[in-house]
Amino acid sequence: MQETDIQFLENSFKKYYFDHFDQIKVPERTSEREFGYQKFNSGMTRHLAIKDDKELHLMLIQNIPSDVYCSNAYYTFPNLPMNEKDWKEADLIFDIDAKDLNLPCRESHTVSICNECNEVSKNSSQCTKCNSTKLEKKSLPCNNCINASKTEVTKLSEVLIDDLAVSKENIHVYFSGNEGFHVYVYDSQFQEIGSRERSELTDYISFRGIIPESFGMKKIKPNRASFPDFEDKGWRGRFSKYIFGSKSKRSKIITELLANGYSSFQKTLDDASDNIGVKIDPNVTMDIHRIFRLPGSINSKSGLAKIQCNDLEKFDPYIEASFLSDETVEILANCPIEFKLKNKKFGPYNNEKITIPTFAAAYMICKKLARIA
């Protein structure tokens, strides 16, 4: 990224943190958490202790970070090296990202940027200008991506509430600032569990590692009565609705499942896992020392903010998470994909010098699809 682009983004981000600090969600028990940040074109600074919102505000204005992070964990000494922090407990956090959903629309809004000559083309495996295969992929997520991610959030919330007795009030959903959502679970029975237990929890939520015996199928003398029914709680009920479709088909399909045998039933379970299991990133949830993007902060991959979604169904990140200035700026844009921000359409652009609002210019510069003219 060129120095003029970095300067533009730093100025835009600084203005945001000065004007919109009320968007920053200063976490509870602030002094027990580890903070960190990155600056444009530099590495991570972490193991920082911050005692209150004034100190956090000062850090943001003084350093103008590209990204700001805060631990889900609580420590006695958050500013010490990891093995000396004295871990106490950690909030349970889930990451749902559109890039992990394998959506067919993704190909239509992904561009390839050549690392050799910076040529931008629609999703391809080879540079159209210099034939290099060293390409960087950038996606401009569409509404379908966001809606599919919302569906996974809804599925996750259902499992947390119905199966794991988490109170709805203790589930907070945040748009990540780019391609998905972060789901936080506070004050639950899971605060003190370690990485291994959290890994097992993600298996349950994802409907992974399921054995046929749990759903009525045995290798020897399986019993029809052991198969799940529509009224069953948890995954047995969900599996029943998925595999039988309707109560009237249940008996016939059980007969087919029995005839096909144990191995075939395992494949049926694996298929169900891919279709009805919640698509979360297990590595995120099981990491009890990770620092997560701070709610209210700007995501340098997009120039959009990570903000809480109080009404998930109506939430539109391309309106509600776009806070950068409307002040116009001249850029050289090379963005072959149309996108929409704040109810305004932009692109496609083919190496064009244009004058557009800061929020749209920042979005393209963050995606490496424009630079300051």
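Just above, that's the structure.
The structure contained in this document is the topic of the report that follows. For clarity, every value in this text was computed on a predicted model and none was experimentally measured.

Attention now moves to the packing of helix α5 (residues 234-244) against helix α7 (residues 262-276). Between α5 and α7, the shortest axis-to-axis distance is 11 Å and the interhelical angle comes to 95 degrees. On the basis of their axis angle, the class for α5 and α7 is roughly perpendicular. Contacts between α5 and α7 involve W235, R238, F239, Y242 and I243 from the first element and F265, T268, L269, D271, A272, N275 and I276 from the second. The class makeup of the residues in the contact of α5 with α7 is eight nonpolar, two polar and two charged.

What follows concerns the pattern of salt bridges. What the rule picks out here adds up to 23 salt bridges. A salt bridge links E89 to R29, with the shortest nitrogen-to-oxygen separation between them at 3.8 Å. Of this pair, E89 sits in strand β5 (residues 87-90) while R29 sits in the loop between α1 (3-19) and β1 (34-38), and the two are 60 residues apart along the sequence. Look at E89 and you get buried, because its relative accessible area is 15%. Owing to a relative accessible area of 35%, R29 belongs among the partly exposed residues under this scheme.

Another point: helix α10 (residues 358-366). Counting buried positions over the nine residues of α10 gives nine, a clear majority of the element. Among the residues of α10, those classed as buried are T358, F359, A360, A361, A362, Y363, M364, I365 and C366. One or two positions beyond α10, positive phi appears at K368, with a value near 65 degrees.

The subject of this paragraph is helix α4 (residues 195-206). End to end, α4 covers 16 Å across 12 residues, agreeing with the expected 16 Å (1.5 Å per residue, within 8%). Within the sequence span of α4, burial applies to R198, L201, T202, I205 and S206. In an axial view of α4, the angular spread of the buried residues amounts to 125 degrees, which keeps them on one side of the axis. Residues of α4 that are exposed and point over 90 degrees away from its buried face: R196 and E200. Elements in contact with the buried residues of α4: β5, β6 (92-97), α3 (143-162), α5, α7 and α8 (282-286). Count one or two residues on from α4 and you reach F207, which has phi positive near 60 degrees.

Next up on the list: the pairing of strand β2 (residues 44-49). In the sheet, β1 pairs with β2 via four bridges, with the strands oriented antiparallel. Paired with F35 across the strands is L48, a residue of β2. What sits between the antiparallel neighbours β1 and β2 is a turn of five residues, in which N41 has the positive phi angle 60 degrees.

The rules behind these values
- Residues numbered from 1 in each chain as written.
- Predicted model: local features only at pLDDT ≥ 70, side-chain atom pairs only at ≥ 80, totals over all residues.
- Heavy atoms only, no water.
- Axes fitted to C-alpha atoms, helices over the stretch in contact; angles between N-to-C directions.
- Helix = DSSP H or I, 4+ residues; strand = E, 2+ residues; numbered from the N terminus.
- Parallel < 35°, antiparallel > 145°, perpendicular 65-115°, else oblique.
- Contact = heavy atoms within 4.5 Å.
- Nonpolar A, V, L, I, M, F, W, Y, C, P; charged D, E, K, R; others polar.
- Salt bridge = Lys/Arg side-chain N within 4 Å of Asp/Glu carboxyl O.
- Buried < 20%, exposed > 50% of the residue type's maximum accessible area, 1.4 Å probe, protein only.
- Expected span 1.5 Å × (residues − 1).
- Arc of directions from axis to C-beta.
- Pairing = 2+ DSSP bridges.

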